[in-house]
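Analysis of the macromolecular model
Here's the letter readout for the chains.
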Amino acid sequence: MNKKLINLISKVMNIPPEEINDESGPLNVEKWTSFNSYVLLYELEKEFNQKFTMEEAMDVKNVADIKRHLQNHGIQFD
Amino acid sequence: MINEQSLQYYLNQAQKLEKKSNSKQIKIGIISSYTINGLAETLQVKCAVNDVNCRYYVGAYNQYSQEIISKDSGLYKFNPDVVFLLLDTRSLFGNVFYDSYSLNLEERKLFVKEKFEEIENLINHFSKNFNSKLIVSNFTIPSYSSFGINETKQDYGFHEMILSLNSKLNLLFREKNNVYIFDFNSFSSKHGQKNIFNYKNFLFGDIQIDFDYIPYLAHELQSYINAFLGITKKCIVLDLDNTLWGGIIGEDGFEKIQLGPQPPGNAYYEFQKFLKALKQRGIILAINSKNNLEDALKVIREHPYMILQEEDFSCLKINWQDKVKNLKEISKELNIGLDGIVFFDDDKINCEYVNVTLPQVKVVNLSGDPSFFPEILQNMNDFESLKITNEDLKRTQMYSEQIKRDELKDSSISLNDFLKNLAIKIIIKKSDNFLTPRISQLTLKTNQFNLTTKRYQEEDIHRLTNDPNFIVGCAQVKDKFGDSGITGVFIVNKQNSDEWHLDSFLLSCRIMGREIEKSLIAYVIDEAKKNNVKKIIAEYIPTQKNKPSENFLSECGFLKYDDKWIYDVSNSLKLPEFLSVKVENE
């Protein structure tokens, strides 16, 4: 599941998967623009078949936040 | 619904694009009242499929007025060919969007008048500052109204306000050649407001078009780019069995094939109606089918529900030859390049064979459910042109006349006799407001007999026509079979009073091979003589397609010096006696 998430982020942000960790986010990844955040959210909803609330979406500051919200939706990470 | 790729696909592809040096070029600007990221990248990828190198500039969020008005703006500096201005009803109407009935009837009318003038004013600025085409989206009529089911009972209600604004925009720009209204409201209905507009995206980042629908929007906007660049398919080549009717005529027989107002034959019946409409606006139809000629002709001539008639097809290849050979022959007989052809066939193997052997031909595989055929055809953006001219509307008739000419050619003794028999009349005209759209269209579309292949938009031709340093002329060609319309163009730069430069010289492929080009150049030489000009300087700029015009200059007595061709005006060019030339509006 972790790999699936990382690959998706890598595809949307157009950066290699090995450059992504739990701390990655708009503040430290140059290509993580606000527009790419929307695209990522959109792709996450499609990929994991979930809908995020506005509050959840706005709370995302890094990969760890994404994992936390996905876990709240019942998605398990190793 | 024809399925598009996802936005993510286009964003990724855009990263991998390589710039090709010999591609066509276009610069597009996108300015908008809402967040429209991803559209430019999608257009770029779609253009690359057509071998077009697209560069873009996307204006900052909601800065469209500044981009247009300020001569220091990024858009202005980018100097785009085409600009898309995308506006939304919500931001234009402000609070009136939510509660239009806070205004009384007179105030609502005044409000729309003011909004219209705002846009008009902005676009006038654009026309003054930019030498580009502008495509403005019109306004979506939302399903929402604060008056609910009473909305339609209101005099000049909320929805009518938007409708009226849209009609005013259409009317204002109907006659302007540099501004087009993109019917975003229809786009919105086609895909559904519920699908396009997603509240979360809107609230989150003023994203008013759902990501999944950006590629559909790009597809529609690409039509303008195709038309601007003259990337237009001219001819549809159709298979017969399981394409124009259901079943196989050779096996099922005349009575058993599916075609008519009842299902399942109505899918083909409907498909034919749309094909007929395309033919009426100037797209040439032809047949390429493996069949016994008599069987197929019986259906075309006698089937009560055959919408397309024999005279609707400019070329029939119904035989047992392979389809690639037939396509090549169709291209040759109609004098339409393979890249001007779309081929429809239900057989996957045939489609693949054509795809591989003739990659210039666009292949549309109709192997699926025939109920999709009409939509597949409607969804194509390959037949667009910036203007529909009289020549377009009469095209099929002109091609049929061409076929009669070719028959005469076969029966004539010599080419000279054949040409004499045609009784060709050439009318040379100077460009005027009425002729500029067609002259521009010819410069954009003509590839084969074209010495310099310079492309000119309508505004360029208009400018050159009014420039005393230029002669912009064209020729109408008639013969005993009919009128081919305006089919030749020449542009002369006479800035230097001793040496005139032939800026452009072209001839539509329809009238090639009749020495008409000689009468046009003779006219230019004659004019030069009258003006005491000593030399005419011409150029042949080779392209992949203009080989047919390669020897023209030397045949007319031009001599080559370096990369230029020079004609000494003291010589004279003998015209073939079978041509009758008349000069108009001198």
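Concerning the packing of aromatic side chains
Note on aromatic pairs: each is described by the distance of the centres and the angle between the planes. Residues and elements named next belong to chain B. Taken as a whole, this structure holds 33 aromatic pairs over all chains when the rule is applied. Through a chain of ring-to-ring contacts, the aromatic side chains of Phe84, Tyr180, Phe182, Phe184, Phe187 and Tyr224 assemble into a single cluster. The aromatic ring of Phe202 is capped on one face by Arg90, whose charged end is 4.6 Å from the ring centroid. A cation over a ring is seen here: Lys168 above Phe116, with NZ or CZ 5.5 Å from the ring centre.

Structural notes on the nonpolar core
Residue and element names in this part refer to chain B. Core analysis: the biggest nonpolar cluster contains 63 residues, and Leu39, Phe84 and Leu217 have the highest contact counts within it. The biggest single contributor to this core is helix α12 (residues 214–229), with 10 residues. Apart from the residues within four sequence positions on either side, Leu217 is in contact with Ile36, Leu39, Leu86, Phe182, Phe184, Phe187 and Ile209. In this structure, Ile521, Val533, Ile536 and Cys556 belong to the second largest nonpolar core, which totals 39 residues.

Some remarks on the domain arrangement of chain B
Residues and elements named next belong to chain B. Here chain B is partitioned into domain 1 (7–229), domain 2 (235–378) and domain 3 (412–583). If you average the C-alpha positions of domain 1 and of domain 3, the two centres end up 41 Å apart. Summing the contributions of domain 1 and of domain 3, the shared interface buries around 580 Å²; its carbon and sulfur component is 31%. Considering only the surface of domain 1 that becomes buried against domain 3, Lys133, Asn177 and Phe228 emerge as the three largest contributors, covering 53% of it. Of the charged contacts in the structure, one is a salt bridge between Glu459 and Lys133, with a shortest N-O distance of 2.9 Å. In this assembly, domain 1 and domain 3 are joined by 3 residue pairs in polar contact (both at pLDDT 80 or more). Considering only residue class, the side of domain 1 that touches domain 3 consists of 2 nonpolar, 4 polar and 1 charged.

So, helix α8 (residues 158–173) of chain B
Along an α-helix, residues three or four apart share an orientation, since each turn contains 3.6 residues. All names here are of chain B. An ideal rise of 1.5 Å per residue puts 22 Å on 16 residues; α8 measures up with 23 Å between its terminal C-alpha atoms. Within the sequence span of α8, burial applies to Phe158, His159, Met161, Ile162, Ser164, Leu165, Asn166, Leu169 and Phe173. Taken together, the buried residues of α8 touch α5 (89–93), α6 (95–98), α7 (105–129), β5 (179–182) and α9 (184–191).

Here we look at the packing of helix α1 (residues 7–16) of chain B against helix α2 (residues 39–49) of chain B
Residues and elements named next belong to chain B. Running from N to C, α1 and α2 point in directions that differ by 70°, and their axes come no closer than 8 Å. As judged from the angle between their axes, α1 and α2 are roughly perpendicular. Crossing geometry of α1 relative to α2 is assigned as left-handed. Where α1 approaches α2, its residues Leu7, Tyr10, Leu11, Gln13 and Ala14 are matched on the opposing element by Glu41, Thr42, Gln44, Val45 and Lys46. For the contact of α1 with α2, the residue count by class is 5 nonpolar, 3 polar and 2 charged.

Re the interface of chain B and chain A
Taken together, the 17 residues of chain B in the interface contact 17 residues of chain A. In total, about 1,500 Å² of surface goes out of reach between chain B and chain A, with carbon and sulfur atoms giving 66% of it. Applying the counting criterion to the chain B and chain A interface returns 2 salt bridges. Asp212 of chain B is the partner of Lys46 of chain A in a salt bridge, and the nearest nitrogen-oxygen pair spans 3.2 Å. Along the contact surface separating chain B from chain A lie 8 residue pairs in polar contact (both at pLDDT 80 or more). Only α1 and α11 (199–205) of chain B provide two or more residues apiece to the side of chain B that touches chain A. Looking at the side of chain B that touches chain A residue by residue, the classes come out as 6 nonpolar, 8 polar and 3 charged.

The rules behind these values
Residues numbered from 1 in each chain as written. Chains lettered and ligands numbered in written order. Predicted model: local features only at pLDDT ≥ 70, side-chain atom pairs only at ≥ 80, totals over all residues. Heavy atoms only, no water. Phe/Tyr/Trp six-rings, centres within 6.5 Å; stacked < 30°, edge-to-face > 60°. Lys NZ or Arg CZ within 6 Å of the ring centre and 35° of its normal. Core = buried A, V, L, I, M, F, W, Y, C linked by side-chain atoms within 4.5 Å. Buried < 20%, exposed > 50% of the residue type's maximum accessible area, 1.4 Å probe, protein only. Helix = DSSP H or I, 4+ residues; strand = E, 2+ residues; numbered from the N terminus. Contact = heavy atoms within 4.5 Å. Domains from an automatic or database assignment. Buried area = accessible area lost by both parts, 1.4 Å probe. Salt bridge = Lys/Arg side-chain N within 4 Å of Asp/Glu carboxyl O. Polar contact = N/O pair within 3.5 Å; in protein donor to acceptor, adjacent residues only side chain to side chain. Nonpolar A, V, L, I, M, F, W, Y, C, P; charged D, E, K, R; others polar. Expected span 1.5 Å × (residues − 1). Axes fitted to C-alpha atoms, helices over the stretch in contact; angles between N-to-C directions. Parallel < 35°, antiparallel > 145°, perpendicular 65-115°, else oblique. Left-handed = near helix turned anticlockwise from the far one by under 90°.

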